[in-house]
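# Report on the structure
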Amino acid sequence: MRLVRLASGENVPALGLGTWRMGEARRTRAVEVAAVQTAIEIGNRLIDTADMQQLWSLPAGANCVANQVYYSASERGAEFDLLPWHRDHGVATMAYSPIDQGALARDTTFATVGRRHGVSASSVALAWVLRQPDVIAIPMSASGPHLRENFAAANLELNADDLAQIDAQFPPPKRKRRLATT
Ligand SMILES: NC(=O)c1ccc[n+]([C@@H]2O[C@H](COP(=O)([O-])OP(=O)(O)OC[C@H]3O[C@@H](n4cnc5c(N)ncnc54)[C@H](OP(=O)(O)O)[C@@H]3O)[C@@H](O)[C@H]2O)c1
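This text gives an overview of the structure that appears in the document. (Residues numbered from 1 in each chain as written. Predicted model: local features only at pLDDT ≥ 70, side-chain atom pairs only at ≥ 80, totals over all residues.)

### Some remarks on the pairing of strand S4 (residues 92-96)
Put simply, the rule is: In this scheme every C-beta is placed from the backbone, and a residue whose C-beta has 20 or more other C-beta atoms within 10 Å is buried, one with 12 or fewer is exposed, and one in between is partly exposed. Starting at the N terminus, helices and strands are each numbered in turn, a helix being any DSSP run of H or I of at least four residues and a strand any DSSP run of E of at least two. At least two DSSP bridges between two strands are needed for those strands to be called paired. Here is how to tell: hold the view so the strands point away, follow the path from the first strand over the helix to the second, and if it runs clockwise the crossover is right-handed.
Side chains Thr93 and Ala95 project from S4 onto a buried face, and the interleaved Ala92, Met94 and Tyr96 project onto a face without burial. With 5 bridges joining them, strand S3 (residues 66-70) and S4 adopt parallel strand pairing. Pairing of asparagine 67 across the sheet is with threonine 93, part of S4. This β-α-β element, S3 to helix H3 (residues 82-89) to S4, shows right-handed connectivity. The pairing of S4 with strand S5 (residues 135-137) spans 3 bridges and is classified as parallel. If you follow methionine 94 over to S5, its bridge partner there is isoleucine 136.

### Let's talk about the sheet that holds S5
Short version of the rule: Angles run from 0 to 180 degrees between N-to-C directions of axes, and those axes are lines fitted to C-alpha atoms, restricted for helices to the stretch in contact.
Strands sit in the order S3-S4-S5 across an open sheet of 3 strands; the sheet is parallel. In this open sheet, the two edge strands, each paired with only one partner strand, are S3 and S5. Looking at each pair of strands side by side, their axes are set apart by 30° on average, direction ignored.

### Describing H3
As a reminder, the rule being used: Directions are taken from the helix axis to each C-beta atom, and the arc is the one they span. Throughout, a pair of residues is in contact if the C-beta atoms placed from their backbones lie within 7 Å.
Of the residues making up H3, those classed as buried are Leu82, Leu83 and His86. The buried residues of H3 occupy one face: seen down the axis, they fall within an arc of 100°. The exposed set on the far side of H3, more than 90 degrees from its buried face, consists of Pro84 and Asp88. Summarising the contacts, the buried residues of H3 are in contact with S3 and S4. Two residues or fewer past H3, glycine 90 is found with a positive phi of approximately 70°.

### Topic: unusual backbone geometry
The backbone of aspartate 100 sits at a positive phi, close to 50°, despite the residue not being glycine. Note that aspartate 100 resides in the loop between S4 and helix H4 (108-117). In this structure, glutamine 101 takes a positive phi of about 55° despite not being glycine. Along the chain, the position of glutamine 101 falls in the loop between S4 and H4. Look at glutamine 101 and you get partly exposed, because 17 C-beta atoms sit within 10 Å.

### Quick look at the nonpolar core
Let me state the cut-off plainly: Residues of type Ala, Val, Leu, Ile, Met, Phe, Trp, Tyr and Cys that are buried and joined through C-beta atoms within 7 Å form what is called a nonpolar core.
Core analysis: the biggest nonpolar cluster contains 22 residues, and Leu104, Val124, Ala125, Leu126 and Trp128 have the highest contact counts within it. Where this core is concerned, the elements lending two or more residues are H3, H4 and helix H5 (121-129). At 7 residues, H5 tops the list of elements feeding residues into this core. Ignoring any residue separated from it by four or fewer positions in sequence, one finds leucine 126 in contact with Pro98, Ile99, Ala137, Pro139, Asn150 and Ala153.

Here it is, written out as structure tokens:
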């Protein structure tokens, strides 16, 4: 398999397996799970979003070390049972759209918290995701100043008052929900 060398020095396969929505429909689940198993057996190591519990039921399922999910303060569905599951199984959570596709950069609650720390709403949104030690955030930005601001957010620590204010506006999930995907 041709590998693509990342700037970090890591090599990743050029071809992966897209698994979005695989395993969701009962009628086709068995065939789809078998397909993931086959992909792993033939050497596939680049797997897109997968149903983690099904993945773990496969012999090589535990080779997965990170799961990329839509996760931000305004999309907290993954907190209900997926993030705890990740923790129990040593899988890192990679939060995509951590600023909710830019929406939290314009949010007044985040702006208010940010003013207390002298930072922007986006920085607070990222610090909120990164408050958990096993969560990685991958914000997108094509702007130099935004990129610098986003990297600085890794050193911002939110206090209990900040978190309570954010919880009041964006409460944690009380039941399982379909996770956001786009
Ligand atoms: N696995 C998947 O299915 C999946 C799906 C979606 C996304 N992703 C990955 O996740 C990455 C990020 O997700 P995303 O792009 O959907 O959402 P996002 O990172 O939450 O938001 C990106 C938006 O926020 C703006 N932004 C970033 N930093 C900002 C700042 N400091 N101040 C103000 N605005 C700021 C960006 O505009 P500027 O360019 O102007 O800064 C852009 O419009 C994607 O690039 C992709 O790699 C993965």
